[in-house]
Protein chains: 2
Amino acid sequence: MENKNISIGLFGFGCVGQGLYDVLNHSQGLKANIEKICVKDKNKTRKIDAGFFTYDKEEILKRGNHNVVVELIDNADEAFAIVKQAMNNGVSVVTANKKMLAENFRELYEIQTRNKVALIYEGSAGGSIPIIRNLEEYYDNELLSSVKGILNGTCNYILTRMEFENKDYQDVLKDAQSNGFAESDPWLDVAGFDTKFKALLLTVHAFGIVLNPEDIFNTGIQNVSYEDILYAKQRGLRIKMLAVSHKVGDKFRVYTLPHFVSGDSELYNVNYEYNAVEVEGAYSCKQTFVGKGAGSHPTGSAVLSDISALTYDYKYGYKKLKKFISSSGIIPEGKPQIEYDFAIKLYIRYQERERLNDLEIISVEEEYKASGTNYIIANVNFKSLFNIYNKRDNKLFICVI
Amino acid sequence: MENKNISIGLFGFGCVGQGLYDVLNHSQGLKANIEKICVKDKNKTRKIDAGFFTYDKEEILKRGNHNVVVELIDNADEAFAIVKQAMNNGVSVVTANKKMLAENFRELYEIQTRNKVALIYEGSAGGSIPIIRNLEEYYDNELLSSVKGILNGTCNYILTRMEFENKDYQDVLKDAQSNGFAESDPWLDVAGFDTKFKALLLTVHAFGIVLNPEDIFNTGIQNVSYEDILYAKQRGLRIKMLAVSHKVGDKFRVYTLPHFVSGDSELYNVNYEYNAVEVEGAYSCKQTFVGKGAGSHPTGSAVLSDISALTYDYKYGYKKLKKFISSSGIIPEGKPQIEYDFAIKLYIRYQERERLNDLEIISVEEEYKASGTNYIIANVNFKSLFNIYNKRDNKLFICVI
């Protein structure tokens, strides 16, 4: 197979875009060049020649102007419009935009199929860790039972610093915001939405199942306190924000929740901005991939690897997904294989007792009350968690134990 | 790309062969069948139908009898003959035989190129960990600086049990032999030859450099004692047998030696038969892959993944290697990029002081003498290690510190 030259039209020149530019400039042997970069802000000073930039997206998207579009902007809706237009013009796309991918997966899949173009996105989950391509290519015939992992660098960075520096959530968050490890509005990260988008993508490539974001419950570390960290520490545990997608019988359970993990877990020592993914298969047993989950150069290098793959005409085969869909290339609606009605054991710290009434508590195993801190450890019907979904003010910290 | 049906001619039905049989039987959607299995021993009772077996290798190798040959026998010389004949007949081969691959790499590469067939071997290094394919495909344009790892399950199993159970080497080795974790002649494993063969293969796929096995120094845990384990333990370290292949300036250093690793290393918690590989790149930073390094099913699943890749006509592109070789497909002899003349800091436990005279010691940093146990910590010229290469009786335990 001979590789071909690639001319790249790039959207976005933020953290990852600049990372890609650096990585591409230092890469040997890759026949790919960034020809044009579409950005929004005309007044920003940029470290490379002004001739690279355009403010008109049509200059890149007009039919046939570039072999490949690389989409690295923040806004998921604008990204979707760009990616759709590029693919409809017959151009393959590399993106790292997990929100855009998760929110529009069905349509994006259909556009790919219809136009016979590639849409690849290794940088969208696990930063530099090559997890999507491994699920797609290497574990294609394994009887996988579980994929789970630490997929959000911001959450992990905050949790690590709270523990290592004995600090409370707000202090670390403020610090993380000022040094670029958290957004000014951190909700998508800390409340588990970002982790969930990635869980959705891993579920597609691990099991061939396409969910909508709202099908997957998420809560995060938005209400974590130093007491929770201390609770974990005293028991030799650590709190890790996890995406979980696993098979139980012939059904799947997919969610993102904080978990206590013990010292013998590979995930225990994955700290700060590092990410990790554990893949369990019937025969390969447990495999763990660890690497930097975010950042300009790590994510840039994942994007570069995708670009390199396009020089060899790579595209995802979606072998597992194809087992479930008709030859028309339409992914059926619904989520028949997903299970919600099961008991999950949770540690729940609360401020107001009545907030627990939203949950269907099956049995309480422990209860602790003291001034300023109260928690229960209880078996809860998982589906009742949706009653508290995305409530910003409930002050519950929920952690799988 | 449509996948094709594959008819497999299998050589060997030992641990990995039987593992492959199980994994293949439970795999969904893979269009591959084992048609014939060539074995040696006519008197062995086997768990599957006798009709599968043949004792005549020509029945599989005769031109055109099978699409794919899977070679999983012990004997490296016989394996080489089989693999060569298959490829010369235009048949692609999957193997997990690192000794055969390492000893004959140049010739095997040339036969592949000449016959335009695939020779793939994910199961040959890291058991179930997909390291070769990731080095080949995912890190193809990364500026890699280092690949190192725990690649021998037997060594790691012995070292782990010595530490966790406070036992001496001979006791654990005997136990490991009786429960199948070590061979009756363990020399290839414990003295680091097996690790070295794997280091050789990783060096090809990480850096495009082909070495001969004798170009790579190896010593292992054959002389480790409980005192060494204790020395490590008291300092919060663990001894791990590592393959190392890294770039220093524009030269490469490749060797396999025991190392002390500290608690903050990802390798510290990789215990028993688990393997791990750390890949460092200029932009992706450090990535770690952990998984079961040996065993019937984990290795069988790596072999299965290779077979599955062949249904899509996959072959290694050897992109990095091709930068160094002529269009004739001949790999040049010699090892100009490898560095031997450098200082390495070693812990060396000895019984007879004069054994150290074989080594070019640059400076001694510590020296400890007591009845029954003596060690030095010294900077040693690396190339002088070849003076003690493969000496079974020197009783030196050497560990990078």
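Residues numbered from 1 in each chain as written. Chains lettered and ligands numbered in written order. Predicted model: local features only at pLDDT ≥ 70, side-chain atom pairs only at ≥ 80, totals over all residues.

A. Up close: the overall build of chain A. What chain A contains, in helices and strands, is 13 helices and 16 strands. Compactness check: chain A gives a C-alpha radius of gyration of 22 Å against a globular reference of 21 Å for 401 residues, within 12% of the reference. The dimensions of chain A, computed from C-alpha atoms along their principal axes, are 65 × 50 × 35 Å. For chain A, buried positions account for 51% of its 401 residues. Counting only contacts in chain A whose residues sit at least 6 apart along the sequence, the fraction spanning at least 24 positions is 73%. (Helix = DSSP H or I, 4+ residues; strand = E, 2+ residues; numbered from the N terminus. Rg over C-alpha atoms; globule rule 2.2 N^0.38 Å. Buried ≥ 20, exposed ≤ 12 C-beta atoms within 10 Å, placed from the backbone. Contact = placed C-beta atoms within 7 Å.)

B. Seen up close, unusual backbone geometry. One non-glycine residue, A:Lys395, lies in positive phi territory at about 60 degrees. Structurally, the position occupied by A:Lys395 is in the loop between strand 15 (373–381) and strand 16 (397–400). Even without being a glycine, B:Tyr272 presents a positive backbone phi close to 50 degrees. Among the secondary structure elements, B:Tyr272 is positioned in the loop between strand 10 (251–262) and strand 11 (274–281). With 15 C-beta atoms counted inside 10 Å, the residue B:Tyr272 sits in the partly exposed group.

C. Fine view of the sheet that holds strand 3 (residues 53–54) of chain B. All names here are of chain B. Strands sit in the order 3-2-1-4-5-6 across an open sheet of six strands; the sheet is parallel. The strands lining the two open edges of the sheet, one partner per strand, are strand 3 and strand 6 (119–120). Relative to strand 2 (residues 32–38), strand 1 (residues 6–11) runs parallel, the two being bridged by six bridges. Across the sheet, Leu 10 pairs through a bridge with Ile 37, a residue of strand 2. Relative to the sheet, helix 12 (residues 296–310) contacts strand 1, strand 2, strand 4 (68–71), strand 5 (92–95) and strand 6, its axis offset from that of strand 5 by approximately 165 degrees. (Pairing = 2+ DSSP bridges. Axes fitted to C-alpha atoms, helices over the stretch in contact; angles between N-to-C directions.)

D. Highlighting the packing of helix 3 (residues 76–88) of chain B against helix 5 (residues 105–115) of chain B. Residue and element names in this part refer to chain B. Helix 5 packs onto helix 3 with a crossing angle of 15 degrees between their chain directions and a minimal axis gap of 9 Å. Viewed along their axes, helix 3 and helix 5 adopt a mutual orientation that is roughly parallel. Considering only the axes of helix 3 and helix 5, their crossing is left-handed. Together, Val 83, Lys 84, Met 87 and Asn 88 of helix 3 and Leu 108, Ile 111, Gln 112 and Asn 115 of helix 5 make up the contact between the two elements. Taken together, the residues of the contact of helix 3 with helix 5 sort by class into four nonpolar, three polar and one charged. (Parallel < 35°, antiparallel > 145°, perpendicular 65-115°, else oblique. Left-handed = near helix turned anticlockwise from the far one by under 90°. Nonpolar A, V, L, I, M, F, W, Y, C, P; charged D, E, K, R; others polar.)

E. Layout of the relation of the copies chain B and chain A. Rotating chain B by 180 degrees and moving it 0.0 Å along the rotation axis overlays it on chain A with an RMSD of 0.0 Å. What the superposition gives is, in effect, a two-fold axis relating one chain to the other. Looking at the rotation axis and the C-alpha trace of chain B, the residue lying nearest is B:Phe289, at 2.3 Å. An overlap of 97% is found between the interface residues of chain B and their copies at the interface of chain A, pointing to a shared contact surface. (Least-squares fit on C-alpha atoms with pLDDT ≥ 70 in both.)

F. How the structure looks around the interface of chain B and chain A. Counting residues at the interface gives 38 residues for chain B, matched by 37 residues for chain A. Of all elements in the fold, only helix 1 (15–26), helix 6 (131–138), strand 12 (285–292) and helix 12 of chain B reach the threshold of two or more residues within the side of chain B that touches chain A. Looking at which element gives the most residues to the side of chain B that touches chain A, the answer is strand 12 of chain B, with eight residues. Of the residues contributing to the side of chain B that touches chain A, the split by class is 13 nonpolar, 17 polar and eight charged. Where strand 12 (residues 285–292) of chain A lies against strand 12 of chain B, three bridges are found, and the strand directions are antiparallel. If you follow A:Thr288 over to strand 12 of chain B, its bridge partner there is B:Val290.

G. Region of interest: the sheet that holds strand 4 (residues 68–71) of chain A. Residue and element names in this part refer to chain A. Reading across the sheet, the six strands line up as 3-2-1-4-5-6 and stay open at both edges, with parallel pairing between neighbours. Whereas interior strands pair on both sides, the edge strands pair on one side only; in this sheet they are strand 3 (53–54) and strand 6 (119–120). Strands in contact with helix 12 (residues 296–311) are strand 1 (6–11), strand 2 (32–38), strand 4, strand 5 (92–95) and strand 6; relative to strand 5, the strand with the most contacts, it is inclined by about 165 degrees.

H. Structural context of the pairing of strand 14 (residues 361–370) of chain B. Residue and element names in this part refer to chain B. Counting buried positions along strand 14 gives zero out of ten residues, so the element sits mostly on the surface. Note that strand 14 and strand 15 (residues 373–381) share eight bridges and pair antiparallel. Counterpart to Tyr 368 in the pairing with strand 15 is Tyr 375.

I. Region of interest: the domain arrangement of chain A. All names here are of chain A. Once the domains are mapped, chain A shows domain 1 (6–128 + 296–322) and domain 2 (142–292 + 340–400). Here the C-alpha centroids of domain 1 and domain 2 sit 30 Å apart. Tallying the contact residues gives 15 residues for domain 1 and 17 residues for domain 2. Those elements giving two or more residues to the side of domain 1 that touches domain 2 turn out to be helix 4 (98–103), helix 5 (105–115) and helix 13 (319–322). If you tally residues by element for the side of domain 1 that touches domain 2, the top one is helix 4, at five residues. Within the side of domain 1 that touches domain 2, the residues separate by chemical class into six nonpolar, four polar and five charged. (Domains from an automatic or database assignment.)

J. Spotlight on helix 12 of chain A. Residue and element names in this part refer to chain A. Between its first and last C-alpha atoms helix 12 spans 23 Å; for 16 residues at 1.5 Å apiece the expected length is 22 Å, and the two agree. Counting buried positions along helix 12 gives 15 out of 16 residues, so the element sits mostly inside the fold. Two residues or fewer past helix 12, Asp 313 is found with a positive phi of approximately 60 degrees. (Expected span 1.5 Å × (residues − 1).)

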